[in-house]
2 protein chains.
Amino acid sequence: MELSVFQFGLVSNLMSLTVAAMGAAAIFFIASRSEVAREYRPALLISGLVVAIAGYHYWQILGSFTDAYVLEAGRYVASGKPFNDAYRYADWLLTVPLLVIELIAVMNLHKQQSRSLMTRLGVAAVAMIALGYPGEVATGVGSSMLWWLLAMVPFLYIVRTLYGEFGEAVERQPDAARSLVSKARLLTVASWTFYPVAYLGGLGASAGGATLLQVGYTVSDLVAKVGLGLFIYAIARAKSASDASDHGTSDLGAASSGGESFAA
Amino acid sequence: MELSVFQFGLVSNLMSLTVAAMGAAAIFFIASRSEVAREYRPALLISGLVVAIAGYHYWQILGSFTDAYVLEAGRYVASGKPFNDAYRYADWLLTVPLLVIELIAVMNLHKQQSRSLMTRLGVAAVAMIALGYPGEVATGVGSSMLWWLLAMVPFLYIVRTLYGEFGEAVERQPDAARSLVSKARLLTVASWTFYPVAYLGGLGASAGGATLLQVGYTVSDLVAKVGLGLFIYAIARAKSASDASDHGTSDLGAASSGGESFAA
C-alpha cells in the first residue's frame with residue numbers, strides 16, 4: 001500500500017501526539033490522587049495505569065508504522081517491514097478490563113457488589129478482545145464475521161450490565177456525581193462502539209480507508225481512555241467534596257475548596 | 001537545503017538542551033506542589049504536564065532534525081528523510097490550551113468564572129493552532145496568508161480576554177500576587193507573538209533563515225513554557241504565604257517560611 005505525504009504525516013503525527021497525551025494524562029491522574037478522598041484514589045490510580053499502558057503501546061505503534069514505510073519520489077511506499085497492528089490488541093487486552101474496573105471503582109459501591117461487577121465485566125472485556133483478534137487476522141470473510149459475532153456477545157453483555165445492574169447503582173449516587181457517572185458510561189459505550197463498526201467497515205483495504213481507520217482507532221482510544229479518566233477525576237472530586245460537606249468535616253482540608261476553583 | 005557545521009550544531013545542540021530543560025522543569029513543577037497550598041497544586045501540576053509534553057516533542061524534533069541531514073565534505077546536506085516540523089504543531093495543540101488553563105488555575109477564581117474562562121480560552125487556543133497548521137503546509141502565498149489571518153482571530157480573542165475579563169480578575173488578586181500575574185500575562189502574550197511574526201517573515205527559505213526560525217521557535221517555547229511555569233510557581237508561593245497570614249494560621253507549615261528563603 002502507498003500513502004501520500006499528507007496521509008503518512010496525519011497518521012504518524014497523531015500517533016506521536018497520542019504518546020504525549022497518554023503520558024501526560026498518566027502523570028496527571030496519578031499525581032491527582034492527593035486531591036481526592038482516600039476511597040477514590042484507587043480509581044484515579046487505575047485511570048493512570050490505563051493511559052500509561054496506552055502511551056507505551058502508541059510508542060510501539062508509532063515506531064512500527066514509521067518503519068513500515070519509506071519515502072520514494074514523494075510517496076510513502078511499503079518498506080518491506082509489516083506494520084504490526086496487533087500492538088492494539090495487546091493494549092486492549094490490558095486496558096479494556098481496567099477501564100471497566102476504574103468506572104466501577106469510582107462508584108465506591110459495597111465491597112461485594114463492586115467485586116462481583118469488576119470480575120464479571122473484567123472477564124467479559126478480556127473475552128471481547130480475545131475473540132475479536134482471530135477475526136482481525138482471519139483471511140476469509142466468513143471466519144472474520146464469525147469471530148466478530150462471537151466478540152459482540154461479551155460486548156452486549158457489558159452494555160446491558162452498565163445500563164442494568166450498574167445503572168441501578170448509578171441512581172443511588174450522590175446528586176453531585178449522578179449525572180457525571182451517566183455521561184462517563186455513555187462516553188465509554190459510544191467510544192467502544194467505534195471498534196466493531198470499523199471492523200465491519202473493512203476500512204483497511206484502500207490507502208484512504210487505512211488512514212481513516214488509524215485516525216479513528218487513535219481518536220477512539222484518546223476519548224475512551226483520557227476522556228473517561230477526566231470524568232473519573234471529576235466524579236472523584238465531586239464525591240470527595242460532597243462526602244466532606246455531608247460529614248461536616250474533611251480529611252481533605254482544602255481539597256474540597258480547591259474543587260471550587262478548578263474543574264477538569 | 002544545506003547547513004554549515006555551525007548552523008547544524010547550533011540548532012541540534014539547542015534542541016537537546018531544551019529536552020533537558022523541559023524535563024528538569026517538569027520534575028521541579030510536579031515535585032514543588034507540596035510547597036504550596038492545596039488550591040494552587042493543580043496549577044503547578046498542569047505547568048509540569050506542559051513541559052513534560054514539550055520535552056517529549058523536543059526529543060522527537062531533535063531526532064527528526066539530526067536524521068534529516070548528513071555531513072558531506074564539511075557541509076550538512078539533506079539526507080532524504082524530511083524534517084518533520086509538524087511535531088511542533090502536535091506539541092502546541094496539547095500545550096497551548098494547557099498554558100492558558102495553568103494561568104487561570106493559579107488565580108483560584110470562583111468555580112463558574114474559572115470554568116468559563118478555561119473553556120473559552122482553551123477552545124480558542126486549539127482553534128488558533130489548528131488554523132495555523134494548514135497555512136504552514138500550504139504552498140501558495142495566498143492560502144498561507146488566509147490561514148494566518150484566520151488563526152489571528154482566536155489569537156486576538158485570547159489577548160483581548162487576558163487584558164479584559166481576566167484583567168478585572170487580576171485587579172482583585174492579593175497584593176503579593178497582582179504584579180506577578182500581570183508579568184506572567186505579559187510574558188505569555190509577548191512570547192506567543194513570536195510565532196505569527198516568524199510565520200509572516202517566511203524565514204524558512206534560506207539556510208540562515210531556517211536556522212534563525214528553529215532557534216526562535218525553541219527559545220520562544222522555553223520562555224512560554226518554563227518561564228510561565230516559574231511565574232506560576234512564584235504566584236502560588238506568594239498566594240500561599242499571603243493566605244496563611246490572612247488566616248493567622250498555616251496548614252503549609254514550613255512552606256511559607258521556605259518562601260522567605262527561596263524565590264523563583
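(A) The overall build of chain A, seen in detail. Broken down by element type, chain A carries 9 helices and 3 strands. Secondary structure elements of chain A occur, N-terminal to C-terminal, as β-α-α-β-β-α-α-α-α-α-α-α. The C-alpha radius of gyration computed for chain A amounts to 20 Å, which stays within 12% of the reference 18 Å derived for 264 residues, consistent with globular compactness. The principal-axis extents of the C-alpha atoms in chain A amount to approximately 70 × 35 × 20 Å. Split into buried and exposed, the 264 residues of chain A put 53% on the buried side. A separation threshold of at least 6 residues defines the contact pool for chain A, and within that pool the share at least 24 residues apart is 76%. Looking at chain A as shown, the accessible area adds up to about 11,200 Å², and 66% of this sits on carbon and sulfur atoms.

(B) Expanded view of the interface of chain A and chain B. With 26 residues of chain A at the contact, the number on the chain B side is 32 residues. Counting the surface lost from both chain A and chain B, the interface buries some 2,300 Å², and carbon and sulfur atoms represent 65% of this. Scanning the region where chain A abuts chain B turns up 0 salt bridges. In this assembly, chain A and chain B are joined by 4 residue pairs in polar contact (both at pLDDT 80 or more). Every element with two or more residues in the side of chain A that touches chain B is listed here: helix H1 (5-31), helix H2 (41-67) and helix H9 (254-261) of chain A. Broken down by element, the side of chain A that touches chain B gets its largest block of residues, 10 residues, from H1(A). Classifying every residue of the side of chain A that touches chain B by side-chain character gives 17 nonpolar, 7 polar and 2 charged.

(C) Main features of a nonpolar patch on the surface. Residue and element names in this part refer to chain A. A grouping of Val141, Met145, Leu149 and Leu200 is seen on the molecular surface, where their side chains present a nonpolar patch of about 380 Å² in accessible area. Ranked by residue count, the leading element in the nonpolar patch is helix H5 (residues 141-163), at 3 residues. Examined against the element boundaries, Met145 turns out to sit in helix H5.

(D) Fine view of the pattern of salt bridges. The full count for this structure, using the stated rule, is 14 salt bridges over all chains. Asp85(B) is the salt-bridge partner of Arg88(B), the closest N and O atoms lying 3.2 Å from each other. According to the relative accessible area criterion, Arg88(B) is buried, its value standing at 2%. According to the relative accessible area criterion, Asp85(B) is buried, its value standing at 19%. Arg88(B) is the partner of Asp221(B) in a salt bridge, and the nearest nitrogen-oxygen pair spans 3.7 Å. Of the two residues, Asp221(B) is situated in helix H8 (residues 207-246) and Arg88(B) in helix H3 (residues 86-105); the sequence distance between them amounts to 133 residues. The class for Asp221(B) is buried, based on a relative accessible area of 2%. Counted as one network, the salt bridges with shared partners bring together Asp85(A), Arg88(A), Asp91(A), Asp221(A) and Lys225(A).

(E) Main features of the relation of the copies chain A and chain B. Overlaying chain A with chain B gives an RMSD of 0.1 Å, the required rotation being 78° about an axis along which the chain moves by 0.1 Å. Take the interface residues of chain A: only 4% of them recur as interface residues in chain B, which is what a contact between different surfaces looks like.

(F) Highlighting the sheet that holds strand E1 (residues 3-4) of chain B. Residue and element names in this part refer to chain B. Here we have 3 strands laid out as an open sheet, ordered E1-E3-E2, and antiparallel in their pairing. This sheet does not close on itself; its edge strands, each paired only once, are E1 and strand E2 (69-72). The pairing of E1 with strand E3 (residues 75-78) spans 2 bridges and is antiparallel. Each bridged residue has a counterpart across the sheet, and for Leu3 the counterpart in E3 is Tyr76.

(G) Summary view of the side chain of Arg33(B). When you line up the elements, Arg33(B) lands in the loop between helix H1 (5-31) and helix H2 (41-67). No salt bridge is formed by the buried Arg33(B); its nearest oppositely charged neighbour, Glu35(A), is found at 4.8 Å.

(H) How the structure looks around the packing of H1(A) against helix H8 (residues 207-246) of chain A. All names here are of chain A. One can describe the packing of H1 onto H8 by two numbers: an axis separation of 10 Å at closest approach and a directional angle of 15°. Taken as axis vectors, H1 and H8 run roughly parallel relative to one another. For the pair H1 and H8, the crossing hand works out as left-handed.

(I) Region of the structure containing the pairing of strand E2 (residues 69-72) of chain A. All names here are of chain A. Of the pairings in the sheet, the one linking E2 to strand E3 (residues 75-78) comprises 4 bridges and is antiparallel in character. Within the sheet, the bridge partner assigned to Leu71 lies in E3 and is Tyr76. If you look at the hairpin formed by E2 and E3, you'll find 2 residues sitting between the two strands, and Ala73 has a positive phi there, around 50°.

(J) Summary view of the packing of H2(B) against H3(B). All names here are of chain B. Here H2 crosses H3 at 165°, and the two axes come no closer than 9 Å. Overall, the two elements H2 and H3 adopt an arrangement that is roughly antiparallel. Regarding H2 and H3, the two cross each other, and that crossing is left-handed. Judged by residue contacts, Ala43, Ile46, Ser47, Val50, Ile53, Ala54, His57, Tyr58, Gln60, Ile61 and Ser64 of H2 engage Tyr87, Arg88, Ala90, Asp91, Leu94, Thr95, Leu98, Leu99, Ile101, Glu102 and Ala105 from H3.

(K) Spotlight on the sheet that holds E2(A). The 3 strands lie next to each other as E1-E3-E2 (chain A), forming an open sheet whose pairing is antiparallel. Each end of this open sheet is capped by a strand with a single partner; those strands are strand E1 (3-4) and E2 of chain A.

(L) Quick peek at the nonpolar core. Ranked by internal contacts, the top residues of the largest apolar core, which has 82 residues, are Ile158(A), Phe166(A) and Trp192(A). Of all the elements, H1(A) adds the most residues to this core, at 14 residues. Counting 72 residues, the second largest nonpolar core, distinct from the first, contains Phe8(B), Ile61(B), Val100(B) and Ala124(B).

(M) Focus on the environment of Val36(B). Along the chain, the position of Val36(B) falls in the loop between H1 and H2. A residue is classified by how much of its surface remains accessible, and Val36(B), at 0% relative accessible area, is buried.

Conventions we followed
- Residues numbered from 1 in each chain as written.
- Chains lettered and ligands numbered in written order.
- Predicted model: local features only at pLDDT ≥ 70, side-chain atom pairs only at ≥ 80, totals over all residues.
- Heavy atoms only, no water.
- Helix = DSSP H or I, 4+ residues; strand = E, 2+ residues; numbered from the N terminus.
- Rg over C-alpha atoms; globule rule 2.2 N^0.38 Å.
- Buried < 20%, exposed > 50% of the residue type's maximum accessible area, 1.4 Å probe, protein only.
- Contact = heavy atoms within 4.5 Å.
- Areas by Shrake-Rupley, 256 points an atom, 1.4 Å probe, with all protein chains shown as cover.
- Buried area = accessible area lost by both parts, 1.4 Å probe.
- Salt bridge = Lys/Arg side-chain N within 4 Å of Asp/Glu carboxyl O.
- Polar contact = N/O pair within 3.5 Å; in protein donor to acceptor, adjacent residues only side chain to side chain.
- Nonpolar A, V, L, I, M, F, W, Y, C, P; charged D, E, K, R; others polar.
- Patch = residues over 30% accessible without salt bridge, like charges linked within 9 Å, V, L, I, M, F, W, Y side chains within 5 Å.
- Least-squares fit on C-alpha atoms with pLDDT ≥ 70 in both.
- Pairing = 2+ DSSP bridges.
- Lys, Arg positive; Asp, Glu negative; His and termini not counted.
- Axes fitted to C-alpha atoms, helices over the stretch in contact; angles between N-to-C directions.
- Parallel < 35°, antiparallel > 145°, perpendicular 65-115°, else oblique.
- Left-handed = near helix turned anticlockwise from the far one by under 90°.
- Core = buried A, V, L, I, M, F, W, Y, C linked by side-chain atoms within 4.5 Å.

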